[in-house]
Amino acid sequence: MKRIWVCLCVVFLSQHLLGQAANGSKDIEGEVNFAIRNAGIPVKGTIHSLKGVLKLNQQSPEKSIIHISADPATIKTGIGIRDKHLQKTDYFDVTNYPNIQMELLSIERKGKRAYNAIFNLTIKDITRKIDVPLSIVRDNKKEYLRADFALNRLHYHLGEESLILADTVKVDALLILD
């Protein structure tokens, strides 16, 4: 019985690892910053631990593959007690929903280094289509993909309606392209 259990574990783990290798999922270097107004004061934060596939085909954008996962448990706002509160069930519920997902649905060129993309954004168990302007930024010898967009936190059941906390969250991501 022990051998069967060990074999099943090995098979499952192998399939999981092979699946990750096949779809090219890996750590993605970059940063995701967000800002929201709380009592009229901007609260800024970051989300780390990005994984996925980031293949922007600049010659044929329609052949691009972008699927990014972020860990909401890595949210940092500079105040630890607030960070812990954001992880609880009334916000990101990180125990039950350990990933925020963005998957590219379509992309079109808008300029030499500018694109408009449509993504499925999944937070908790809610998936919505969002329009995201993208741009290519060069700094020294690196190329970055910048995404700058806003979303309504209530559409993803992040907190409740509030007179103090704004509904709109501004997101700015800067990711290193390979």
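Residues numbered from 1 in each chain as written. Predicted model: local features only at pLDDT ≥ 70, side-chain atom pairs only at ≥ 80, totals over all residues. Heavy atoms only, no water.

Engineer: Would you mind going over the environment of leucine 174 with me for this structure?
Structural biologist: Among the secondary structure elements, leucine 174 is positioned in strand S10 (residues 168–176). Residues leucine 174 and alanine 147, 27 residues apart in the sequence, show an inter-C-alpha distance of 6.6 Å. Discounting residues that sit within four places of it in the chain, leucine 174 has contacts with Gly30, Glu31, Tyr144, Leu145 and Arg146. (Helix = DSSP H or I, 4+ residues; strand = E, 2+ residues; numbered from the N terminus. Contact = heavy atoms within 4.5 Å.)

Engineer: Would you explain the sheet that holds strand S2 (residues 30–38) in this entry?
Structural biologist: By way of backbone hydrogen bonds, the strands of a sheet pair with one another, either parallel or antiparallel. Sheet architecture is open: 10 strands sit in the order S1-S4-S5-S6-S7-S8-S9-S10-S2-S3, paired in antiparallel fashion. A strand with exactly one partner marks an edge of an open sheet, and here the two such strands are strand S1 (26–27) and strand S3 (41–47). Where strand S8 (residues 126–139) and strand S9 (residues 142–152) come together, six bridges link them in antiparallel fashion. For serine 135, the partnering residue across the bridge sits in S9 and is arginine 146. (Pairing = 2+ DSSP bridges.)

Engineer: What am I meant to see in unusual backbone geometry here?
Structural biologist: Only a minority of non-glycine residues have a phi that is not negative, and only a minority of peptide bonds are not trans. Residue aspartate 93 is not a glycine yet carries a positive backbone phi of 45°. Residue classification places aspartate 93 among the buried residues on the basis of a relative accessible area of 9%. (Buried < 20%, exposed > 50% of the residue type's maximum accessible area, 1.4 Å probe, protein only.)

Engineer: What's the story with the side chain of serine 64 in this structure? I'm lost.
Structural biologist: Mapped onto the elements of the fold, serine 64 is located in the loop between strand S4 (50–55) and strand S5 (65–70). You can call serine 64 buried: its relative accessible area is 9%. Polar side-chain contacts of serine 64 include one of 2.9 Å to the backbone nitrogen of asparagine 57. Among the polar contacts made by the side chain of serine 64, one reaches the main-chain carbonyl oxygen of proline 61 at a distance of 2.8 Å. Leave out the neighbours within four places in its chain, and serine 64 touches Lys55, Leu56, Asn57, Leu104 and Ile107. (Polar contact = N/O pair within 3.5 Å; in protein donor to acceptor, adjacent residues only side chain to side chain.)

Engineer: How do you make sense of the environment of asparagine 99 when you look at a structure like this?
Structural biologist: Within the secondary structure, asparagine 99 sits in the loop between helix H2 (80–87) and strand S6 (100–111). Here the alpha-carbon distance between asparagine 99 and alanine 73, two residues 26 residues apart in the chain, equals 8.6 Å. Every residue in contact with asparagine 99, bar those within four places of it in the chain, is listed here: Ser69, Ala70, Pro72 and Thr122.

Engineer: How do you make sense of the pairing of S2 when you look at a structure like this?
Structural biologist: A regular strand places its side chains so that they alternate between the two faces of the sheet. Where S2 meets S10, six bridges bridge the pair, whose relative direction is antiparallel. Within S10, the residue paired with alanine 35 across the bridge is lysine 170. Bridging between S2 and S3 involves seven bridges; their strand directions are antiparallel. When the bridges of S3 are listed, phenylalanine 34 appears paired with glycine 45. Hairpin connection, S2 to S3: the antiparallel pair is bridged by two residues, and alanine 39 has positive phi, about 60°.

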